[in-house]
Amino acid sequence: MNQMDQTKFCCSVCLDLLKDPVTIPCGHSYCMNCIKSFWDEEEKKKIYSCPQCRRTFTARPVLEKNTMLADLVEELKKTGLQAAPADHCYAGPEDVACDVCTGRKMKAFKSCLVCLVSYCEKHLQPHFISPAFETHKLVEPSKKLQENICSRHDEVMKMFCRTDQQSICYLCPVNEHKGHDTVSAAAERTERQRELEVSRQNIQQRIQDREKDVKLLQQEVEAINQSADQTVEHSEKIFTELIHLIQKRSSDVKQQIRSQQETEVSRVKELQEKLEQEITELKRKDAELKQLSHTEDHIQFLHNYPSLSALSESTDSSSINIRPLSYFEDVTAAVSEVRDKLQDILREQWTNISLTVTEVDVLLSDPPAEPKTRAGFLKYSCEITLDPNTANKKLLLSEGNRKVTVMNQQQSYSDHPDRFTGPWQVLSRESLTGRCYWEVEWGGGEVYVAVAYKNISRKGGGYECGFGRNDKSWSLDCNNNSFTFWYNNIQTPVSGPRSSRVGVYLDHRAGILSFYSVSETMTLLHRVQTTFTQPLYAGLWLYYGATAELIKLK
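Please read all numbers here as calculations on a predicted model, not as lab measurements.

Definitions and cut-offs
Residues numbered from 1 in each chain as written. Predicted model: local features only at pLDDT ≥ 70, side-chain atom pairs only at ≥ 80, totals over all residues. Heavy atoms only, no water. Phe/Tyr/Trp six-rings, centres within 6.5 Å; stacked < 30°, edge-to-face > 60°. Lys NZ or Arg CZ within 6 Å of the ring centre and 35° of its normal. Pairing = 2+ DSSP bridges. Helix = DSSP H or I, 4+ residues; strand = E, 2+ residues; numbered from the N terminus. Axes fitted to C-alpha atoms, helices over the stretch in contact; angles between N-to-C directions. Buried < 20%, exposed > 50% of the residue type's maximum accessible area, 1.4 Å probe, protein only. Polar contact = N/O pair within 3.5 Å; in protein donor to acceptor, adjacent residues only side chain to side chain. Contact = heavy atoms within 4.5 Å.

(A) Representation of the packing of aromatic side chains within the structure. Under the defined criterion, the tally for this structure stands at 15 aromatic pairs. Considering the side-chain rings of W541 and Y543, the 5.7 Å spacing of their centres and the 25° angle between planes classify their relative orientation as stacked. In this structure an aromatic cluster arises from ring pairing among F377, Y380, Y437, Y505 and Y516. One residue, K110, lies across the ring of F109, its end atom 5.9 Å from the ring centre. It is R469 that lies over the ring of W486; its NZ or CZ is 3.8 Å from the centre.

(B) Up close: the sheet that holds strand β15 (residues 447-453). Read across the sheet, 6 strands follow the order β13-β22-β15-β16-β17-β18 without closing on themselves; strand pairing throughout is antiparallel. At either margin of the open sheet sits one strand with a lone partner, and together these are β13 (425-432) and β18 (490-494). Ignoring strand direction, the axes of neighbouring strands in this sheet form an average angle of 20°. For β15 and strand β22 (residues 536-542), the ladder comprises 7 bridges, and the chain directions are antiparallel. The partner of A450 across the bridge, within β22, is G539.

(C) Local environment of the pairing of strand β17 (residues 483-487). Burial of β17 is extensive: 4 of the 5 residues sit out of reach of the surface. Sheet analysis places strand β16 (residues 473-478) next to β17, joined by 5 bridges and oriented antiparallel. When the sheet's bridge partners are listed, S475 is paired in β17 with W486. Adjacent in sequence and paired antiparallel, β16 and β17 are bridged by 4 residues. Taken together, the 5 bridges between β17 and β18 define a ladder with antiparallel strand orientation. Each residue of the ladder has a partner; that of Y487, found in β18, is I490. Counting the residues that bridge the hairpin from β17 to β18 gives 2 residues, and of these N488 lies at a positive phi of roughly 55°.

(D) Spatial organisation of the environment of R498. Within the element layout of this structure, R498 appears in the loop between β18 and β19 (501-507). C-alpha of R498 to C-alpha of S428: the two residues are 70 residues apart in sequence and 25 Å apart in space. Engagement of the side chain of R498 in a polar contact is seen with the backbone oxygen of G496, the distance being 2.6 Å.

(E) Highlighting the side chain of S49. You can see S49 is positioned in strand β3 (residues 48-49). Here the side chain of S49 touches E42 through a polar contact of 2.8 Å, side chain to side chain. Residues within four places of S49 in sequence aside, it is in contact with F38, W39, E42, R54, R55, T56 and F57.

Spelled out as structure tokens, the structure:
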């Protein structure tokens, strides 16, 4: 028989091989003396149960020796083997060992908080059989039972001192913890258990919140990937369209040049053929006249001269207007000019495109601190020019579209849907989406330094499209007497030193817009903290006699 077979012939009460085995009505077998002793303890309660399955019997069963099982046990004993626990039942270095076992110790099955002893399954049986152990508290095996003993009085600590926040025994309040707020350990446990449940609820709520956050972040990852893929696809499509457009224009220019080349060459050859025909005719006429000049008969000479001397009408050579060394070179110059303009546009807009890409930032974090010095602001300086298509016709743009002046006469701008027709206003050509800084030099009259969304109204009076008079623009009114901030037609007086130069700092993503008075030092005039939902454009609104210029800072 193997080790597994031997364990089947052990009594679950004494854990040894069965002695005088008996089988009770539920089918479980025990040593006769073990089950008798167990039922003797239950005699007082008139309850008889199986120590293993806990099945109860109304009358105490009659015990009779199971002869077949007894014979099998005897055969097992004759083999010289004794029922022994499997190796995995013995305590290892990491296990809690039975404190009762001698020699090689068994693994503890339970620890008793009253006895402060750990028991294997065999030595734990009295706790199940004897009523004297009914009040004992059994827990999972623990190596820390001695921590429950008071080091001063060598007593079990069953109390808790709330004053010192430590476990104590019943003798501690007499001396060391006299007058302290003490309660039973059970009462403190109940209180802490309530706190524990609250903590668990908080933890579980945080887990749910974090799981939602994780799900949200996963959705953001998918959204970022989808947006990036779509943007790459759209950008490639747009650049491909630009390339195709340039290729088509190249083909058109080539075709036009070849067509004009063919036309001009045809015209020149046509004239060339006429001249060659005239030369042939003149040579023939010269030969006839030469022959006539050699005629000796005077009468014959005079007779033929009138008909031979008449010349056909000659091609007017003055109509041949040749421009030496200049044929299609002007076309090359025109194409070069287009190339230079495209390069300028790409160079100007590339910074904006690049900044727009790098400003993509999904995870919200504290915005970078606003610079404290002008040198710090200049790190974010951006080159801004004014868009002629937005300028009111009373405004004249100059200095590379950076300066604007109010004129007495309207300018000859073409009609454009982006042009302001009411207030004397103009917007920048560049959109602003990242962190930007620019400065405006103003004078001669009242000037509004502003930012606005592109969809601000261009038609009508001040309330519809005036900077600061609606919810699509923010502006600082600068005049010789005071500064005033305007938004949504609400004005806010601003105090600060007068200066002919105003600095504007924008952190689009953080929703910060700040206006500074710039002289030898920079003084904050007004700061806006909001949420910008669209790209912004720098704006200027001038009154009669005023000028304003976007200063080159680089």
